[in-house]
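Structural features, examined
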Amino acid sequence: MRKKQFKAESKKLLDMMINSIYTHKEIFLRELISNASDATDKLYFKSLTDTAIDASDLKIRIELDKENRLITVKDNGIGMTAEELESNLGTIAKSDSLNFKNENKDDENLENLEVIGQFGVGFYSSFMVADRVEVISKALGSDGANKWVSEGVEGYTVEPCEKEAVGTTVILHIKDDNENENYSEYLDQYRIRELVKKYSDYIRYPIVMEMTSQVPDKDNEGEYITEVNDEVLNSQVPLWRKNKSEIKAEEYNEFYKQKFYDFTDPALVIHSKTEGQATFDALMFIPENAPMDFYSKEFEKGLQLYSNGVLIMDKCADLLPDYFSFVRGLVDSSDLTLNISREVLQHDRQLKIIAKAIDKKLKSELAKLLKNDREKYEKFFKTFGVQLKWGVYADYGMNKDGLKDLIIFKSSNGGYVTLKEYTERMADSQSDIYYACGDSEEKIALLPQVEAVKEKGFEVLYFTDDVDEFAIQMLMEYEGKHFANVQKDEVDLSTDAEKEAVQKKNESSKELLDKMKEILGGEVSAVKFTNKLGKHAVSLSAEGYVSLEMAKVLSQMPGGGEGVKAQLVLEINSDHALAKKLEEADEKTLEKYTKILYNQARLIAGLTVENPTEFADMICELM
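If you're wondering where the values come from, they're calculated on a predicted model, not measured in any experiment. (Residues numbered from 1 in each chain as written. Predicted model: local features only at pLDDT ≥ 70, side-chain atom pairs only at ≥ 80, totals over all residues. Heavy atoms only, no water.)

Summarising the model, the chain shows a mean pLDDT of 87, and 88% of its residues fall at 70 or more. Across residues 93-101 the pLDDT falls below 50, and counting only partners more than four positions away or on other chains, this stretch makes 27 contacts in the model. When the criterion is pLDDT under 50, residues 109-119 qualifies, and its contacts beyond four places in sequence or with other chains add up to 47 contacts. (pLDDT = per-residue confidence, 0-100. Contact = heavy atoms within 4.5 Å.)

Here it is as structure tokens:
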């Protein structure tokens, strides 16, 4: 029989499809099952208006023959005529499923048809694992059957053959193993079952395969016999397509743990169906704990992406912004535009619409949790709150408005507080939102400036994460109230009389203060007396945009700290007995006092002492 050539532009196109389009060879099984499902859908669709068609036992069967290296995928769907075999399989990127859908677009029964195939390329993925493919098909209403055979780019043949039942059988002759590829893995029953569960678990028809197992011999204790039984490999009905009212919490939890390999129940389950510009089902989970690799380079964000129950991508990163990278789950939509292969998505309008809707839904559910279950929200925030704060800061604050009411901070009033709660209980006389930075709440509470602000009756937010101040600087203000770092020189809650008194003190002590600045050799931009330290003798503050904490964070980054430093101000309590000691000290003693005070101030601020030996020696000498 004369071999026919493919009708595509060139053999090179088929070669590219076989070797380049698909990332993983295992995809071939998903494609064949999806095609079988489409064919079965078409028969079911016809049966809705033709009672003569028996659609009572529709299924897909997989058969393995290790000895002869064969994988067979059978369906009892609508089948193909010789002309359809030639048209659909002889022309690359020709989709009979898409044609069928277009031809019946006005039929009200089309709602029951979930056509998966769109471009007709998936079938050729078979050649990634097979060196010969046979397709035997008998069309509905046809008296005879036909056989299509191809060994790849060299072409194909079509000839009549015998087949009793309507439907299609695809036989793959699996390639021999080589040093680079183990094709025999696809002849293993457990590997095939794994691939069906991974990609095709929610195909609406049973996917059946004979499974061999060892079971105890009832007649001979301690002995085992081999049993071969048909097993349905797929779940068929996706959990996310059921009504929420029908699903118990235990079902959600079990699904999450099995699907995403977690040992604990999720902290929050979000199950939604969206209709409108994009129609899709989403089932998302917020974990109780961060994944072990969450802060590693290996971690990949993303939701599983399904099209009509068929897995398209295991982790679609485009569906989640970075600040929601901890969310696990899936999206199932029939609206997505699938490019030549089902695993290559066009980054089109539909995907962006879905991502936007998911982002909005997650924010809405977290806001609801914050309002209705504060304890649960605070527990969530302890685990993933840093991600939300980074979201405020990232992309030049593009997402800050949607996140600002989801972030919470520890406060001098005790417990967590939202920015809204802080501003609502601000005193009328308070113009700014006060905050301070440090390694822990306990250390921040002991800062001299914080104690002084608290004594005035004002609440202080405690920033303990590296990103906190950067996020707040990006936020700039909240409800018209600006943020003020009490560790910076600009915050002064003194009365006019107190300000005037300390100003006179600094003017009269200018020579002393200049001498102390000189002793520190450029470590500080100024030394001055202050009345903002309560009972404490000394402290460091910062001038300008860069605060103490920001400088500390930047210095820890690769290449950080170079040229980005806080302008430190050494502040001395004008009411402390030490102030008089400084004025009375001789030049040598003043130098020791100055260095000791500066190092003490660095320790209080959570900074390191560059020469701890010298510091300790000077204290011992004075003692």
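What the rule picks out here adds up to 44 salt bridges. Lys4 is paired through a salt bridge with Glu86; the nearest N and O atoms lie 2.8 Å apart. In this pair, Lys4 is assigned in the segment before helix 1 (11-21) and Glu86 in helix 3 (residues 82-90), connecting sequence segments 82 residues apart. A salt bridge links Lys389 to Asp468, with the nearest nitrogen and oxygen atoms 2.8 Å apart. Remark: Asp468 occurs in helix 13 (residues 468-475) and Lys389 occurs in helix 8 (residues 374-397); sequence separation between them is 79 residues. Comparing Lys389 with Asp468 shows no difference in burial state: the two are buried. (Salt bridge = Lys/Arg side-chain N within 4 Å of Asp/Glu carboxyl O. Helix = DSSP H or I, 4+ residues; strand = E, 2+ residues; numbered from the N terminus. Buried < 20%, exposed > 50% of the residue type's maximum accessible area, 1.4 Å probe, protein only.)

To characterise two packed helices, one gives the angle between the axes of the helices and the distance between these axes. One can describe the packing of helix 17 (residues 577-584) onto helix 18 (residues 587-604) by two numbers: an axis separation of 9 Å at closest approach and a directional angle of 145°. Taken as a pair, helix 17 and helix 18 cross one another with a handedness that is left-handed. Taking contact as the criterion, the partners of Leu578, Lys581 and Leu582 in helix 17 are, on helix 18, Leu590, Tyr593 and Leu597. Class assignment for the residues of the contact of helix 17 with helix 18 results in five nonpolar, no polar and one charged. (Axes fitted to C-alpha atoms, helices over the stretch in contact; angles between N-to-C directions. Left-handed = near helix turned anticlockwise from the far one by under 90°. Nonpolar A, V, L, I, M, F, W, Y, C, P; charged D, E, K, R; others polar.)

What follows deals with the side chain of Ser509. Topologically, Ser509 is positioned in the loop between helix 14 (496-508) and helix 15 (510-519). Classification of Ser509 as buried rests on a relative accessible area of 6%. One polar contact links the side chain of Ser509 to the main-chain carbonyl oxygen of Lys505, over a distance of 2.9 Å. (Polar contact = N/O pair within 3.5 Å; in protein donor to acceptor, adjacent residues only side chain to side chain.)

This part covers the sheet that holds strand 17 (residues 460-463). Read across the sheet, six strands follow the order 15-14-17-16-19-18 without closing on themselves; strand pairing throughout is mixed. Each edge of the sheet is formed by a strand with only one pairing partner; in this case those strands are strand 15 (416-418) and strand 18 (477-478). In this structure, strand 18 lies alongside strand 19 (residues 481-485), joined through two bridges in antiparallel fashion. Counterpart to Tyr478 in the pairing with strand 19 is Lys481. Where helix 13 meets the sheet, its contacts fall on strand 14 (408-411), strand 16 (432-437), strand 17, strand 18 and strand 19, and the angle it forms with strand 16 comes to roughly 160°. (Pairing = 2+ DSSP bridges.)

The next subject is the nonpolar core. With 66 residues, the main nonpolar core has Leu319, Ile358, Tyr377 and Leu388 as its most contacted residues. With nine residues, helix 7 (residues 349-372) is the single largest residue contributor to this core. Counting residues in each nonpolar core, the second largest holds 53 residues, with Trp148, Leu283, Tyr306 and Leu330 among its members. (Core = buried A, V, L, I, M, F, W, Y, C linked by side-chain atoms within 4.5 Å.)

Residues apart from glycine generally show negative phi values, whereas peptide bonds are mostly found in trans. Even without a glycine there, the phi angle at Arg69 is positive, about 55°. Look at Arg69 and you get buried, because its relative accessible area is 17%. Located in the positive-phi region is Gln236, a residue other than glycine, with phi close to 75°. Tracing the chain through its elements places Gln236 in the loop between strand 8 (224-232) and helix 6 (249-260). A residue is classified by how much of its surface remains accessible, and Gln236, at 24% relative accessible area, is partly exposed.

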